[in-house]
Amino acid sequence: MDLLWTPWRFTYVTTADGAPRPGIPASLAAWPGDTGCVFCNLIASVDHAIAHGMSVDEAESAAGLVLRGKHCFICLNAYPYTSGHVMVLPYAHLDRLAALPVETAREMMDLAQRTEQALEQIYHPHGFNFGLNVGHAAGAGVAGHLHLHAMPRWTGDTNFMTTVAETRVLPEDLQTTWKRMREAFAEQPG
Ligand SMILES: [Zn+2]
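Calculation criteria
Residues numbered from 1 in each chain as written. Predicted model: local features only at pLDDT ≥ 70, side-chain atom pairs only at ≥ 80, totals over all residues. Heavy atoms only, no water. Helix = DSSP H or I, 4+ residues; strand = E, 2+ residues; numbered from the N terminus. Buried < 20%, exposed > 50% of the residue type's maximum accessible area, 1.4 Å probe, protein only. Areas by Shrake-Rupley, 256 points an atom, 1.4 Å probe, with all protein chains shown as cover. Donors = N, O, S within 2.8 Å, 3.2 Å for Na, K, Ca; no water. Tetrahedral: all angles 85-135°; square planar, octahedral: opposite > 155°, others 65-115°. pLDDT = per-residue confidence, 0-100. Contact = heavy atoms within 4.5 Å. Core = buried A, V, L, I, M, F, W, Y, C linked by side-chain atoms within 4.5 Å. Polar contact = N/O pair within 3.5 Å; in protein donor to acceptor, adjacent residues only side chain to side chain. Phe/Tyr/Trp six-rings, centres within 6.5 Å; stacked < 30°, edge-to-face > 60°.

## Some thoughts on the overall build of the chain
Then step 1. Counting secondary structure elements, the chain contains six helices and five strands.
Then step 2. For the chain, the succession of helices and strands along the chain, N to C, is α-α-α-β-β-β-α-β-β-α-α.
Then step 3. Here the chain holds 190 residues, and 48% of them are scored as buried.
Then step 4. With an accessible surface of roughly 9,300 Å², the chain has 58% of that area assigned to carbon and sulfur atoms.

Shown next, in the form of structure tokens:
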């Protein structure tokens, strides 16, 4: 059973496949563009909203955007496998690890480390998954734009999720996760 990794195949599938303007939250729909990429659309719609007067917190929470680095950002997975399921990804629309400029790759790992600390602090998990699916064949829901999944894990949660199969069990709503992650990152030493 390859359950540990296949759930990520469902990530964004409903918004990524065929839908026009994927990744744009309803409240940020004023942005008129469409890159065809969930993640590029997400960032562009947030930037547009902020440029047109929406508060940073309102726009970023609408998009589940937790943290912006220089080259990479962290956002919530809209279809979390567990509470605290986030993604670390570059702003650049790149589909291979080897394609990342060195400073982008470095920051991606830096943000992954900070994510581990934040998840530890908030959820006190038994372990973590950090995973990169490169290409459709590997299970990437959005193959064109590299994204590192990060999530806390608990002993026995796989068995639990097997039981419920594809039914999404959300013990915590996304706005709560966003707020907790936001606060945890804000508390980290710069
Ligand atoms: Zn993209």
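## Quick notes on the coordination of the zinc ion
Then step 1. The coordination sphere of the zinc ion, as far as protein atoms go, consists of C37 (SG), C40 (SG), H93 (ND1) and H145 (ND1), spread over 2.0 to 2.3 Å.
Then step 2. Classification of the site at the zinc ion as tetrahedral follows from its four donor atoms and the range of 105 to 117° in their angles at the metal.
Then step 3. Written as a sequence motif, the donor arrangement for the zinc ion is C-x2-C-x52-H-x51-H. Pair noted here: C40 is in helix α2 (residues 38–51) and H145 is in the loop between β4 (127–132) and β5 (148–153), with a separation of 105 residues, a long-range link. Taken as a pair, C40 and H145 share a single burial class, namely buried.

## Looking at the confidence of the model for the chain
Then step 1. Confidence along the chain averages 85 in pLDDT terms, with 83% of residues attaining 70 or more.
Then step 2. Mean pLDDT in the chain bottoms out at helix α1 (residues 13–16), which sits at 44, and peaks at strand β1 (residues 65–68), which reaches 98.
Then step 3. Here residues 1–17 scores under 50 on pLDDT; set against residues more than four positions off or in separate chains, the count is 48 contacts.
Then step 4. In the predicted structure, residues 162–168 sits below a pLDDT of 50 and forms ten contacts with residues beyond four places in sequence or in another chain.

## Things to note about the nonpolar core
Then step 1. Counting 22 residues, the largest nonpolar core has V66, I74, M181 and F185 as the members making the most contacts within it.
Then step 2. Of all the elements in the fold, those that place two or more residues in this core are β1, β2 (72–76), β3 (86–90), α4 (102–123), β5 and α6 (174–187).
Then step 3. The element that contributes the greatest number of residues to this core is α4, accounting for seven residues.
Then step 4. By size, the runner-up hydrophobic cluster in this structure holds 17 residues, among which are I43, A49, A63 and V142.

## Concerning the side chain of H149
Then step 1. Following the sequence through the fold, H149 ends up in strand β5.
Then step 2. Side chain to side chain, H149 and H85 meet in a polar contact 2.8 Å long.

## Some details on the environment of L89
Then step 1. Within the secondary structure, L89 is located in strand β3.
Then step 2. In this structure, the C-alpha to C-alpha distance between L89 and H147, residues 58 residues apart in sequence, is 4.6 Å.
Then step 3. Apart from the residues lying within four places of it in its own chain, the contact partners of L89 are F39, C72, F73, C75, M108, H145, L146 and H147.

## Here we look at the packing of aromatic side chains
Then step 1. Across all of its chains, the model carries three aromatic pairs by this definition.
Then step 2. Between F73 and Y91, the aromatic rings sit 5.2 Å apart at their centres with planes inclined by 25°, giving stacked as the arrangement. You can see F73 sitting in strand β2 and its partner Y91 sitting in the loop between β3 and α4, a full 18 residues away along the chain.
Then step 3. Measuring from centroid to centroid gives 6.4 Å for Y123 and W154, while their planes differ by 85°, and the two rings are edge-to-face. With Y123 in helix α4 and W154 in the loop between β5 and α5 (157–164), this pair connects stretches of sequence that are 31 residues apart.
Then step 4. Exposure remark for Y123: the relative accessible area of 11% places this residue in the buried category.
Then step 5. Overall, W154 belongs to the partly exposed group, its relative accessible area being 26%.

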